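Structural overview for review
Letter by letter, the chains look like this.
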Amino acid sequence: IKKQQQDVLGFLEANKIEFEEKDIAANEENRKWMRENVPEDSRPASGNPLPPRLFNDSRYLGDYEAFFEARENNAVYAFLGLTAPPGSKVGVHLSHPKP
C-alpha cells in the first residue's frame, strides 16, 4: 500500500496536479467517508476497500490499478476528470494512510 501511495503522490506532485490527502489511518471520519463513497461494484467481495483510492471531490475515480492503467495509457488527466494542460501527455482527493 505504501509503495502505491508514494507512486500516486509522486506522479501528482511531479505533474503539479493539486490534490488533498485524506489520512484514513489516523482519522476515523476519513476512513468512514472513503468506505461509504467507494461504489458497491468497486468493493472487494469481503472486507473493506483498501487504499489508495482516488476521488474528484466526492466522485469515485478508482483504485491504484485503475490509476496505473490510466498512467500507462497517457490518460491520467481524463481518469482524474481534469483538462490536460497544453503540451502535456497526461482538485483530486487521495484517501490513504499516511506513509
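Please refer to the structure higher up on the page.
Calculation notes
Residues numbered from 1 in each chain as written. Predicted model: local features only at pLDDT ≥ 70, side-chain atom pairs only at ≥ 80, totals over all residues. Heavy atoms only, no water. Helix = DSSP H or I, 4+ residues; strand = E, 2+ residues; numbered from the N terminus. Areas by Shrake-Rupley, 256 points an atom, 1.4 Å probe, with all protein chains shown as cover. Buried < 20%, exposed > 50% of the residue type's maximum accessible area, 1.4 Å probe, protein only. Arc of directions from axis to C-beta. Polar contact = N/O pair within 3.5 Å; in protein donor to acceptor, adjacent residues only side chain to side chain. Core = buried A, V, L, I, M, F, W, Y, C linked by side-chain atoms within 4.5 Å.

Our next topic: the overall build of the protein. When its secondary structure is counted, the protein shows 4 helices and 4 strands. Shown N-terminal to C-terminal, the secondary structure of the protein runs as helices and strands in the order α-β-α-β-β-α-α-β. If you sum the accessible surface of the protein, you get close to 5,900 Å²; carbon and sulfur atoms cover 46% of it.

Restricting attention to buried positions, one finds in helix 2 (residues 28-37) the residues N30, R31 and M34. Angular distribution of buried residues about the axis of helix 2 spans 100°; they occupy a single face of the element. Seen from the open side of helix 2, the exposed residues pointing more than 90 degrees away from its buried face are E29 and E36. Of the residues flanking the start of helix 2, the one acting as N-cap is N27, its side-chain oxygen 2.9 Å from the backbone nitrogen of E29.

What follows is about the nonpolar core. Core analysis: the biggest nonpolar cluster contains 13 residues, and L54, F67, F79 and L80 have the highest contact counts within it. Taken together, the elements giving at least two residues each to this core come down to helix 1 (2-14), helix 3 (64-72) and helix 4 (76-80). Considering every element that reaches this core, the biggest residue donor is helix 4, with 4 residues. In this structure, I24, V38, F55 and Y60 belong to the second largest nonpolar core, which totals 5 residues.

Everything listed here is a matter of geometry and, on its own, says nothing about what the molecule does.
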